[in-house]
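Letter by letter, the chains look like this.
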Amino acid sequence: MPTDPGPEETSESTGSIKDLILEQEEAASLIKNRSLLEPNEIVDEERIVGRDTQLTDITQHLRVAISNERPPNLLLYGPSGTGKSLIINAVCQNIVELCESRDIRFGVIQMNCQNVGTLGAAVYELARKVANDIGTSVDVPEHGVPNKKKWRELYRLINDHYDTVVFILDELDMLVGRRDKDEPAFSRLLYQLSRAGSTDEITAQVSVTAITNDTKMMESVGSRALSSFTPEDVHFSDYDANQLREILRAREDAFHEDALSDDVIPLAAAFAAQTNGDARKAIDLMRTAGSIAEKTGADKVREEHVREAQDKVEKNRVLEVTRGISTQKKLCLFATAAVAREAGTGAAKSPIGYRVYQYLTGTLDSDQYHQETYVNKMKELTTYSLVETERKSQGPHSGSYLEFTFGENPETIIETLREDSRLDDVHNDELRTVVNAQLNQ
Ligand SMILES: Nc1ncnc2c1ncn2[C@@H]1O[C@H](COP(=O)(O)OP(=O)(O)OP(=O)(O)O)[C@@H](O)[C@H]1O
């Protein structure tokens, strides 16, 4: 039978937790507005800096919607955290408001394609989002019906409720679909959406904005889709340290007055620019540095907190990615990071990476993939933005190879992977010797 804790004990424990909360609140005296430092927070337009060209281009393309004309299709491409979603959403939000004031039924339907899976699931998800936007429900079941019915339902919803609709398909290249199809699902989705308006299936005007990190995505788009999609391209490049500094300055009021020492923003901007020019990362660094400073009871966020945050953020990201991957993928990544670390450029060539992978699998007495599979495993890791690939030529008669460039410090990747005890038998000195011998060949 449970014993009665008694009034004294209850009030004492409640009191101590409350005290703890209040104590922590008092210690958290540096960050004033945490949501401004959340990576997915949609910020007001006064806080958008450094993307004037893209903002002007996108506005120029989409503004025709306020005259009830169909905006062109767009392709926004560039690395992670360079403001693609931010800018398109800011422009669309303003167009929605202007259209409302002119009684034009303008809709914006955004879908992140990362976890959607198949074409059928994508069409259903779009229908669900449209239904949600207009406050109704989808009239076909999610499973067990042919895609044709889902398309028909999507068209019905659009025709009934919009004059113009813009579909924003984020991370579109991730919508690969079933492997047995000749054409990736994203290509079929683009084809259907962009041709629907030219048939009588959709009476509303439809425009598609595709967003991708993969500069080569359009190479996998089938010829039918290519001839109907024909987007205007808007490129988003990495931010440099100056731009990141401006972005962070525009969020300085996330902190209490005088809570930031002068070198904090320039250092966080420099770290983020060094690795991949990603604004999300710069913002993340500021938040982590602030939390570290608060936790240690510091009166200000200082340079050392940013350095500690940098270490933590890098390790966390690598950990997050590597925790779930197979041992073989870890070996591929470990070998490639070891080459990039010694090469000093943050990059590794696939044939050298493969030879170091062979050394690793030999040392650990584990299964060994062929080079093609090694390359494919590394390519799969690009989805996490940990590594990027680029095909390079060795010269006119020597074929080509892939170059892997790391978004994080290769040393961090190696250290993080080493937390897996199966790598204990790989000794650092010997690994360095093997890698250098391969690099010098
Ligand atoms: N120019 C900018 N001014 C202010 N904040 C920015 C700017 N660019 C990006 N950010 C902030 O950085 C974060 C990431 O931006 P966003 O989501 O637009 O990147 P993205 O290019 O769409 O990245 P991904 O390809 O990973 O989706 C967001 O919190 C956004 O508010």
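Before reading on, note that the structure itself is shown above.
Just so it is clear, the structure is predicted and the values come from calculations on it, not from any experiment. Position numbers for residues count from 1 along each chain, tracking the sequence in the order it is written. Local features are withheld for residues below a pLDDT of 70 in this predicted model, meaning they are given only at 70 or higher, and side-chain atom pairs are given and counted only at 80 or more; totals for whole chains, interfaces and linings count all residues. Hydrogens and water are ignored here; the side-chain numbers use all heavy atoms of the structure.

Undergrad: Break down the environment of Glu171 for me, with residues and values.
TA: You can see Glu171 is positioned in the loop between strand S3 (164–170) and helix H6 (185–196). Think of it in three bands: residues with accessible area under 20% of the maximum for their type are buried, residues over 50% are exposed, and the middle band is partly exposed, with areas taken using a 1.4 Å probe on protein chains only. Glu171 sits in the partly exposed class, given a relative accessible area of 22%. Sequence separation of Glu171 and Val130 is 41 residues, and the distance between their C-alpha atoms is 19 Å. What makes two residues a contact is simply this: any of their non-hydrogen atoms within 4.5 Å. With residues near it in sequence (within four places) discarded, Glu171 still touches Asn112, Cys113, Gln114 and Ile211. Here Asn112 takes part through its side chain, which lies 3.4 Å from a polar atom of the side chain of Glu171. Helix and strand definitions follow DSSP, with helices as H or I runs of at least four residues and strands as E runs of at least two, each counted in order from the N terminus. Polar contacts, as used here, are pairs of N or O atoms within 3.5 Å; protein pairs need one atom able to donate a hydrogen and one able to accept it. Residues neighboring in sequence count only if both atoms are side-chain atoms.

Undergrad: So what's going on with the sheet that holds strand S8 (residues 400–406)? Which residues, and what values?
TA: The strand order across the open sheet built from three strands is S6-S8-S7, with neighbouring strands paired in antiparallel fashion. Both outer strands of the open sheet, strand S6 (347–349) and strand S7 (387–393), are each paired with one neighbouring strand and no more. Across the sheet, the mean angle separating the axes of adjacent strands is 25° when strand polarity is ignored. At least two DSSP bridges between two strands are needed for those strands to be called paired. Across three bridges, S6 lies against S8 in antiparallel orientation. Bridge pairing links Lys349 to Glu403 in S8. A fitted line through C-alpha atoms serves as each axis, taken over the contacting stretch for helices, and the angle formed by two N-to-C directions is quoted from 0 to 180°. Packing of helix H14 (residues 371–380) onto the sheet brings it into contact with S7 and S8, and relative to S8 it is tilted by some 35°.

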